[in-house]
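Below, each chain spelled out in residue letters.
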Amino acid sequence: SGAENTFARAGEFFIYCLWIQGQMVDLIIFKKYPSLIEPFVSSPNRIPAEMVDLRSQYWEKGLFRIKEVFEQLFSSQIGDKHKNDLGAIYYLRNAIAHSQVSIGRDYFLYRPGRGEEHQAKIVSALELEPVENPSAPQMMTMRFFNDQRYLKDFNRIKRLDEECFSEIARSLGVPHGRIR
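1. Things to note about the nonpolar core
- Counting residues in hydrophobic clusters, the biggest one holds 48 residues, and the most contacted among them are Leu-27, Phe-30, Phe-70 and Phe-165.
- In terms of residue count, helix α1 (residues 2-32) provides more of this core than any other element does, 10 residues in total.
- Leave out the neighbours within four places in its chain, and Phe-165 touches Ile-20, Gln-23, Met-24, Leu-27, Phe-70, Leu-86, Leu-160 and His-176.

2. Comments concerning the packing of aromatic side chains
- A full pass over the atoms with the stated rule returns 12 aromatic pairs.
- Pairing Phe-70 with Phe-74 gives two aromatic rings, centres 5.0 Å apart and planes at 50°, and the pair type is tilted.
- An aromatic cluster is present here, built from Phe-7, Phe-13, Tyr-16, Trp-19, Phe-108, Phe-144, Tyr-150 and Phe-154 joined pairwise through their rings.
- The ring of Tyr-150 has Arg-9 sitting right over it, with the charged end atom 4.0 Å from the ring centre.

3. Re the environment of Asp-106
- Looking at the element boundaries, Asp-106 is found in the loop between α5 (80-97) and β1 (108-110).
- Asp-106 gets classed as partly exposed once you look at its relative accessible area, which sits at 28%.
- Separated by 24 residues in the primary sequence, Asp-106 and His-82 have C-alpha atoms spaced 30 Å apart.
- For Asp-106, the contacting residues outside a window of four places in its chain are Gly-2, Ala-3, Thr-6, Arg-143 and Phe-145.

4. As for the pattern of salt bridges
- Inspection of the entire model under this criterion finds 11 salt bridges.
- The partner of Arg-9 in a salt bridge is Asp-147, with the nearest N and O atoms 2.8 Å apart. Highlighted residues: Arg-9 in helix α1 and Asp-147 in helix α7 (residues 147-172), separated in sequence by 138 residues.
- Each of the salt bridges in this network shares a partner with another, and the network as a whole consists of Asp-85, Arg-149, Asp-153, Arg-156 and Arg-159.

Thresholds applied
- Residues numbered from 1 in each chain as written.
- Predicted model: local features only at pLDDT ≥ 70, side-chain atom pairs only at ≥ 80, totals over all residues.
- Heavy atoms only, no water.
- Core = buried A, V, L, I, M, F, W, Y, C linked by side-chain atoms within 4.5 Å.
- Buried < 20%, exposed > 50% of the residue type's maximum accessible area, 1.4 Å probe, protein only.
- Helix = DSSP H or I, 4+ residues; strand = E, 2+ residues; numbered from the N terminus.
- Contact = heavy atoms within 4.5 Å.
- Phe/Tyr/Trp six-rings, centres within 6.5 Å; stacked < 30°, edge-to-face > 60°.
- Lys NZ or Arg CZ within 6 Å of the ring centre and 35° of its normal.
- Salt bridge = Lys/Arg side-chain N within 4 Å of Asp/Glu carboxyl O.

This is a description of form; function is not addressed.
This is the structure we're talking about:
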């Protein structure tokens, strides 16, 4: 059913967004602390204790801050397409995390905060259709059972992993498979 598909795909997207966040954290750490690369690469079964500590510090910062730092550190290696993908992933993850959900519906309801400008950024980043006669405050419906929409969002995650992150990992001398 549409509701089951929506729940399954929203959960899948949420997990993939966490995975993307984890890769960004590792790449940030290796860029800022290149001395951790050799012990990380040379001991596949053991993560250096300093890296474990740094990971936990970054995880506490949240996706927005991690995305900001990542984009600053790797600005010369991230093209517009990947910046757009990162923005969409950020908004998608937040929308899923902060939606109102009902088992009986085939959509999630999301109310973005922070005013019209912020809402316009979300609509643009996620390439959502404008709603006729929007409610006040504006609510967005998120449906994940549309295959075309699902593949579009999934391809954002795939591009970030296979193009952007793999290239950055290679440039740092870190096997991408180790942080995936």
